[in-house]
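Here are the chains, one letter per residue:
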Amino acid sequence: MDMEQHISRRIGVIGTGTYGRALAKRLVHSGYDAIIGSRKPACRILSEYDECLCDVQLTTITECVTLCEVVFVALHSEHFADTLSPLTEIFTDKITIDVSNRDSPSNKTSNAELLQSLLPTAIVVKAFNTTSASVMDNYIAGGRRKIFIASNDVIARDRVSNLARDMGFGPVDLGELTSSRRMETYVTRLFPEWKMPVLVTCVIFGIWCLYTIYDYYIVYTYSYDQLFLTVLNMPICTTAITLMALIYMPGCLAAFMQMTYGTKHKPFPKWMDAWLKSRKQLGLLCFILILAHVLMSIMLISPANYGSWFHSTAITIPANLTHDLHLPMKTVMIWKGEAASLAGIVAFILLCLLATTTLPSVSDSLNWREWRFIQSSLGFTMLCMSAGHVLIMGIPGWMDAGFPKVLTFFSFLSLILPASVVLMKLILFLPCVDRYVSKIRKGWERNTRRLHTNTGSTDERHCEDGM
Ligand SMILES: Cc1cc2nc3c(=O)[nH]c(=O)nc-3n(C[C@H](O)[C@H](O)[C@H](O)COP(=O)(O)OP(=O)(O)OC[C@H]3O[C@@H](n4cnc5c(N)ncnc54)[C@H](O)[C@@H]3O)c2cc1C
Ligand SMILES: NC(=O)c1ccc[n+]([C@@H]2O[C@H](COP(=O)([O-])OP(=O)(O)OC[C@H]3O[C@@H](n4cnc5c(N)ncnc54)[C@H](OP(=O)(O)O)[C@@H]3O)[C@@H](O)[C@H]2O)c1
Ligand code: HEM
């Protein structure tokens, strides 16, 4: 290796903290010479943390920066000024990678821009802030994990991209240093897309819990011994099927709205857009609830709990000459129990399939048509099988109870929304409706008028009603 090549493989890391050490270790594993710069090199013993760092040179910050063309700044941003400002001169033309994160989001400034203002002659690059020290520390990890890169210097961005690639990551160039605001904000997020779906699930679960308490403990007098499985199973499965309906309802409403608008180019209202975008989260929450329902139901299925699912029989033991002893018994399942279980099992298998396709490794291997087939067609089949599962359980009881008592049944109430979605889908499947929606989704607009322009050419314009 000649001298020039050797220097370009030399990378500095300022800071002996958790991330600084992890970066140095990863660099060593990737064939680079890492040099760590510390305020107190004499007091730090790197090998005590990790023996892979035994051969890493530990020096002062000044020497580290002087020896390297590329330097990671693994410090908290509040220490940039006191630790680095006195060294402004030696940072001239050094590619200085800021990896820091902030506690609260800001779209006005970023740590990287602060660093650039403190070190005006340095070439500041924002990168590596979205990975964690544990990922950096584990050489096997990385793979498809993205490293976002922002800097005002194109050559520096390229150099850091190559470095990220050598370290086993996938670089993504975000352009100018102002993008660092987004990169830092991204790390301050805490599952924002889950907030609404979780809230909706909690509200629905709360409503079903209240109705279960009313039905099981006020109308009927259930034993409190059955609270944790038998009783809790009911709000869990009814919440799940309600969520399932809420997942497939907005796709139908979107189609009806597009038919009303007569175009696909008019944006949906904000609430509708948010609803469409939260279907994945609602789906995964539904999956978790059904998993609990299946496990609970498997524990519970027995003639003692679901008498109406099993054949009745009675064993008669002639006890003595004066009277017989009758022992009522339940034996194998009747058609209702078996059919309801089969429909439930098929629905559950389809649900597992849907959940599997949300895994990036699976979804990446599917083309758009395959993904739509599983999520939309099989998803709708799953909704129908789930409705069938409940319908088979419910219908015999509905017929015995009659109207209006049927309105109090869990099976009836929990089917109102799924049945509405099935009905909407059936309307959308009608050939004339399907053709019309497809036409709109391919770009056709109802209110398109042919306008003749001054030049004599024909111009197609979309006009709102009344224009
Ligand atoms: C376990 C599980 C996991 C799931 N994972 C995911 C997931 O990873 N990602 C996901 O998106 N859903 C996920 N879902 C939700 C659901 O399965 C899919 O959203 C499914 O595609 C919905 O099918 P659909 O036919 O109702 O609507 P769509 O497939 O969306 O189709 C309806 C039509 O509406 C129109 N449309 C839809 N959205 C818009 C929009 N924003 N703007 C304009 N037009 C629009 C399209 O033209 C489309 O043809 C999951 C569900 C479950 C149960
Ligand atoms: N930890 C992670 O998983 C992770 C992930 C992504 C980004 N980051 C970012 O990386 C940066 C470092 O994080 P970290 O977890 O490594 O922090 P840390 O463990 O607290 O280490 C910070 C290091 O900064 C050095 N330092 C320099 N000047 C300092 C000063 N004035 N006061 C205190 N320390 C000073 C210290 O090393 P010396 O004493 O040797 O000088 C210290 O070990 C942060 O900005 C963080 O946001 C961390
Ligand atoms: C996606 C799959 C499933 C959905 C959406 C679902 C949904 C429901 C709903 C809403 C009910 C209440 C019906 C009523 O009140 O009568 C119910 C009841 C029941 N389900 Fe499921 N279910 C599913 C899968 C399964 C599976 C796989 C099993 C196990 C074999 C199962 C077993 C039961 C049992 C035993 C009941 C009766 C509960 C009771 O009355 O307390 N379900 N299910």
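Our subject in this report is the structure included herewith. (Residues numbered from 1 in each chain as written. Chains lettered and ligands numbered in written order. Predicted model: local features only at pLDDT ≥ 70, side-chain atom pairs only at ≥ 80, totals over all residues. Heavy atoms only, no water.)

1. Examining the overall build of the chain
- Regarding its fold elements, the chain presents 17 helices and 12 strands.
- Residues classed as buried in the chain amount to 40% of the 467 residues present.
- By sequence separation, contacts in the chain at least 24 residues apart represent 67% of the contacts at least 6 residues apart.
- About 26100 Å² of surface is accessible on the chain, with carbon and sulfur atoms providing 63% of the total. (Helix = DSSP H or I, 4+ residues; strand = E, 2+ residues; numbered from the N terminus. Buried < 20%, exposed > 50% of the residue type's maximum accessible area, 1.4 Å probe, protein only. Contact = heavy atoms within 4.5 Å. Areas by Shrake-Rupley, 256 points an atom, 1.4 Å probe, with all protein chains shown as cover.)

2. What to know about the site of ligand 1
- In the vicinity of ligand 1 there are 19 residues, among which Y248, R279, T358, Q375 and S376 approach most closely.
- A distance of 3.3 Å separates an oxygen atom of ligand 1 from a polar side-chain atom of R372.
- S376 is positioned such that a nitrogen or oxygen atom in its side chain is 2.4 Å from an oxygen atom of ligand 1.
- Burial of ligand 1 by the protein amounts to 80% of the accessible area it has alone, namely 950 Å².
- Going through the elements one at a time, α10 (227-261), α12 (279-300), α13 (335-356) and α15 (368-401) are the ones with two or more residues in the shell around ligand 1.
- Looking at side-chain class alone, the shell around ligand 1 contains eight nonpolar, six polar and five charged residues. (Near = heavy atom within 4 Å. Polar contact = N/O pair within 3.5 Å; in protein donor to acceptor, adjacent residues only side chain to side chain. Nonpolar A, V, L, I, M, F, W, Y, C, P; charged D, E, K, R; others polar.)

3. Overview of the sheet that holds strand β6 (residues 123-127)
- One open sheet holds the eight strands; their spatial order is β3-β2-β1-β4-β5-β6-β7-β8, and the pairing between them is mixed. Edge strands, defined here as strands with exactly one partner in the open sheet, are β3 (57-60) and β8 (170-173). Averaged over all pairs of adjacent strands, the angle between strand axes in this sheet comes to 30°, irrespective of strand direction.
- Of the pairings in the sheet, the one linking strand β7 (residues 146-151) to β8 comprises four bridges and is parallel in character. From the neighbouring strand, K146 faces β8, where its bridge partner is G170.
- Most of the contacts of helix α5 (residues 111-118) go to β6, to which it runs at about 165°, and overall it touches β4 (70-73), β5 (95-98) and β6. (Pairing = 2+ DSSP bridges. Axes fitted to C-alpha atoms, helices over the stretch in contact; angles between N-to-C directions.)

4. Brief notes about the nonpolar core
- Of all hydrophobic cores here, the largest spans 47 residues; its most connected members are L243, Y248, C286, M382, L383, V421 and L428.
- Residue assignment for this core shows that the elements contributing at least two residues are α9 (192-219), α10, α11 (270-277), α12, α13, α15, α16 (410-429) and α17 (431-441).
- Excluding residues that lie within four positions of it along the chain, L383 makes contacts with M244, A245, Y248, P418, V421 and V422.
- Formed by 33 residues, the second largest nonpolar core is a distinct cluster that contains Y19, V56, V99 and A164. (Core = buried A, V, L, I, M, F, W, Y, C linked by side-chain atoms within 4.5 Å.)

5. Some remarks on the packing of aromatic side chains
- Across all of its chains, the model carries 13 aromatic pairs by this definition.
- Centroid distance Y216 to Y222: 4.5 Å. Interplanar angle 40°. Geometry classified as tilted.
- Assessed through its relative accessible area of 9%, Y216 is described here as buried.
- On the basis of relative accessibility, which here comes to 35%, the residue Y222 falls in the partly exposed class.
- Chaining the aromatic ring pairs together yields one cluster made of W208, Y211, Y214, Y216, Y222 and F410.
- A cation sits over an aromatic face here: R21 above Y49, 3.7 Å from the ring centre.
- Over the ring of Y261 we find K266, and its NZ or CZ is 4.5 Å from the ring centre. (Phe/Tyr/Trp six-rings, centres within 6.5 Å; stacked < 30°, edge-to-face > 60°. Lys NZ or Arg CZ within 6 Å of the ring centre and 35° of its normal.)

6. Considerations on the pattern of salt bridges
- In the structure shown here, the tally under the stated rule is 10 salt bridges.
- Notably, a salt bridge pairs D137 with K25, separated by 3.5 Å at the nearest N-O pair. Highlighted residues: D137 in helix α6 (residues 133-137) and K25 in helix α2 (residues 18-29), separated in sequence by 112 residues.
- Under the relative-accessibility criterion, K25 is labelled buried at 11%.
- K126 is the partner of D98 in a salt bridge, and the nearest nitrogen-oxygen pair spans 2.8 Å. With D98 in strand β5 and K126 in strand β6, the pair connects residues that are 28 residues apart, well separated along the chain. Per residue, the accessibility class of D98 equals that of K126, and both read buried.
- The structure contains a network of salt bridges with shared partners spanning D98, R102, K126 and E184. (Salt bridge = Lys/Arg side-chain N within 4 Å of Asp/Glu carboxyl O.)

Worth remembering: the numbers are spatial, not functional.
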